[in-house]
Amino acid sequence: MSLRTRAAIERRQARLWSAMVPVVRRTPAVRALAGRPLTDFPIMRPEALREGFDAWNTLGLTRAGAEAAARAGEGGDSGEVQPGVVAGFSSGSSGRPGLFVTSAAERAGWLGHILARLLPLGAMLRPTRIALCLRADNRLYGEVRAAGPFRFLFVGLEVPAPDRYERLRAFAPDVLIAPTQVLADLALRTRSPWPLRRLFYGAEPMGEAERGWIGAALGVRPDPIYQATEGFLGAPCRFGTLHLNEDVLIIEREPVPGTDRFLPIVTDLRRTTQPMIRVRLPDLLQPLAIPCPCGSPRMAVRPVEGRQDDLWHWAATVICPREVETAVSDALGPEHDWRATATSRGVTVEADPDRIPAAVRAVEALLAAHGVKAPVTAGGPPRQDGVKRRRVRWSDG
């Protein structure tokens, strides 16, 4: 669907929100608000939505039952909780993985949307090899196999990096979707460009220097995908700019004090099994300062740089993860891994021993530029501390 103006987007959003009234009536948590303006609905945290799963679905499902089906799905079962209704887990970057349920109609809509936004021109007309690297496979992704003339390869993140490289290289994908850390590892192992037509990253931030290095190594610019338990939230245009999917979402902005970032408050206008209404995500989004040359009226933002709790803050001074990423990667080179963790008492930088001095100097210079007087100390080699790579963190624990 071509929406050429903001007014056209807003008219479509209003129409789809009106059509959600029967869905709201079937949702125990908010049925009393059916027919009310969106602004009358409470703003929800993802954790609260997860904890209140039983009241936030329209089919009378229980969280225990859905989680059991999702676990069975990861083990090779159908993942169905009811005929045609499938449960699955998100990647779970912090704490318990996100739980989602989708109907056959919702999966078909998601599939059409993601194929239209991500596949190369003409991909539906000729065989296309698609490779996906994620924590676990599920029915939602697997249905890509039946959507067109596709060959599909899933490689789990638990596969050792050398084996993952060999399997992907042998498959020779036209389209590859993977977290940043996987693409960085592939770039380090690669000696000649891949036969890729599109390359996408998601789940983890990627700095501009790293994006350029990976693109040069693999032969195609990596473009961002914004996908979460809460839905397919954003996709790149032909220029590689991330645009939010406002044709099927309403995204309100909650400003982040001391920055030009905002937190997205997401309402999915097509989710009918597990409604997502005014869900505030912790992701830091920064609007583009100038219009995207593609001309799309959908909101253009820079790729997600981290979460709200990744911000560094001392008194009234706030330093955003992208600033840290740029400073350290420029000093070390994009091919080198590192971590920087700040507290109210100072910053600890982790990197390989021969890169530590440059990393420390880069962080010291960044703090000085912001007028922050805090010590910067060296740690050991960078450690992976979760499913997702988080280079920039704030921790007073």
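This structure is a prediction, so every number in the text was calculated from the model and none was measured.

**Q** What should I look at first to understand the overall build of the chain in this one?
**A** The helix and strand tally for the chain stands at 11 helices and 22 strands. Over its C-alpha trace the chain gives a radius of gyration of 21 Å, about what one expects of a compact globule, namely 21 Å for 397 residues. Projected onto its principal axes, the C-alpha coordinates of the chain cover approximately 60 × 50 × 45 Å. Here the chain, with 397 residues, has 54% of them falling under the buried criterion. Counting contacts in the chain only where the partners sit at least 6 residues apart, residues at least 24 apart contribute 58% of the total. When the accessible surface of the chain is totalled, it reaches about 17200 Å², and 54% of it is carbon and sulfur. Taken together, the 53 basic and 43 acidic charged side chains of the chain have centroids lying 5 Å from each other.

**Q** Which parts of the structure should I look at to understand the sheet that holds strand E3 (residues 99–102)?
**A** Picture the strands of a sheet paired through backbone hydrogen bonds; they go either parallel or antiparallel. Taken together, three strands build an open sheet; the order of strands is E1-E2-E3 and the sheet is antiparallel. In the strand order of this sheet, the two ends are held by strand E1 (80–82) and E3, each with one partner. Between one strand and the next, the sheet's axes are offset by a mean angle of 30 degrees, whatever the strand orientation. Set on the sheet, helix H4 (residues 63–74) makes contact with E1, strand E2 (85–89) and E3; between it and E2 the angle comes to about 80 degrees.

**Q** How do you make sense of H4 when you look at a structure like this?
**A** In a regular helix each residue adds 1.5 Å, so 12 residues correspond to 16 Å; H4 covers 16 Å between its end C-alpha atoms and thus fits that length. All of the buried residues along H4 are Ala 66, Glu 67, Ala 69, Ala 70 and Gly 73. One face of H4 carries all of its buried residues, which in axial projection span an arc of 160 degrees. Of the surrounding secondary structure, the elements contacted by the buried residues of H4 are E1, E2 and E3. Gly 76 sits one or two residues past H4 and shows a positive phi near 110 degrees.

**Q** Would you mind going over the environment of Pro 291 with me for this structure?
**A** Summarising the element assignment, Pro 291 is placed in the loop between strand E15 (286–287) and strand E16 (300–302). Once the C-alpha coordinates of Pro 291 and Val 301 are considered, the two residues, 10 residues apart in sequence, prove to be 9.9 Å apart.

**Q** What should I look at first to understand the side chain of Glu 210 in this one?
**A** Along the chain, Glu 210 falls in helix H9 (residues 208–218). Among residues more than four places away in sequence, those in contact with Glu 210 are Thr 180, Ala 184, Pro 334, Arg 389 and Arg 391.

**Q** Even after reading the chapter, I still don't get helix H10 (residues 321–332), so can you show me in this structure?
**A** Between its first and last C-alpha atoms H10 spans 16 Å; for 12 residues at 1.5 Å apiece the expected length is 16 Å, and the two agree. Of the residues making up H10, those classed as buried are Pro 321, Arg 322, Val 324, Glu 325, Val 328, Ser 329 and Leu 332. Along the long axis of H10, the arc covered by the buried residues comes to 155 degrees, so they all point the same way. Looking at the residues trailing H10, positive phi occurs at Gly 333, about 100 degrees.

**Q** Hey, could you run me through the sheet that holds strand E14 (residues 279–280) in this one?
**A** The strand order E12-E13-E14 describes an open sheet built from three strands, whose pairing is antiparallel. Across the chains shown, the open sheet's two edge strands, defined by having one partner strand only, are strand E12 (249–255) and E14. The pairing of strand E13 (residues 262–268) with E14 spans two bridges and is classified as antiparallel. Bridging across to E14, Ile 265 finds its partner in Arg 280.

**Q** Just checking my understanding: could you explain unusual backbone geometry for this structure?
**A** We note that Ala 203 has phi near 75 degrees; this positive angle belongs to a residue other than glycine. Residue placement: Ala 203 occurs in the loop between strand E7 (198–202) and H9. Classification of Ala 203 by relative accessible area gives partly exposed; the value is 42%. A positive phi angle is found at Arg 278, which is not glycine, with a value near 55 degrees. Relative to the elements of secondary structure, Arg 278 occurs in the loop between E13 and E14.

**Q** Explanation requested: the packing of aromatic side chains in the structure shown.
**A** The relative placement of two aromatic rings is captured by the distance of their centres and the angle of their planes. One pass over the structure, following the stated rule, counts four aromatic pairs. Ring centres of Trp 312 and Trp 314 lie 6.1 Å apart, and the angle between their planes is 80 degrees; this geometry places the pair in the edge-to-face category. Among the residues examined, Trp 314 registers a relative accessible area of 11% and is labelled buried. These aromatic residues form a ring-pair network of at least three members: Trp 312, Trp 314 and Trp 394. When the ring centre of Phe 262 is taken as reference, the NZ or CZ atom of Arg 253 above it lies at 5.3 Å.

**Q** Would you mind going over the pattern of salt bridges with me for this structure?
**A** Two side chains that carry opposite charge are able to pair once their charged atoms sit near each other. Applying the stated criterion across every chain, the model contains 22 salt bridges. Between Arg 261 and Glu 305 there is a salt bridge whose closest N-O contact spans 2.6 Å. With Arg 261 in the loop between E12 and E13 and Glu 305 in the loop between E16 and strand E17 (312–314), the pair connects residues that are 44 residues apart, well separated along the chain. Among the salt bridges present, the one from Arg 391 reaches Asp 337, with a minimum N-O distance of 3.4 Å.

Conventions used here
Residues numbered from 1 in each chain as written. Predicted model: local features only at pLDDT ≥ 70, side-chain atom pairs only at ≥ 80, totals over all residues. Heavy atoms only, no water. Helix = DSSP H or I, 4+ residues; strand = E, 2+ residues; numbered from the N terminus. Rg over C-alpha atoms; globule rule 2.2 N^0.38 Å. Buried < 20%, exposed > 50% of the residue type's maximum accessible area, 1.4 Å probe, protein only. Contact = heavy atoms within 4.5 Å. Areas by Shrake-Rupley, 256 points an atom, 1.4 Å probe, with all protein chains shown as cover. Lys, Arg positive; Asp, Glu negative; His and termini not counted. Charge placed at Lys NZ, Arg CZ, Asp CG, Glu CD. Pairing = 2+ DSSP bridges. Axes fitted to C-alpha atoms, helices over the stretch in contact; angles between N-to-C directions. Expected span 1.5 Å × (residues − 1). Arc of directions from axis to C-beta. Phe/Tyr/Trp six-rings, centres within 6.5 Å; stacked < 30°, edge-to-face > 60°. Lys NZ or Arg CZ within 6 Å of the ring centre and 35° of its normal. Salt bridge = Lys/Arg side-chain N within 4 Å of Asp/Glu carboxyl O.

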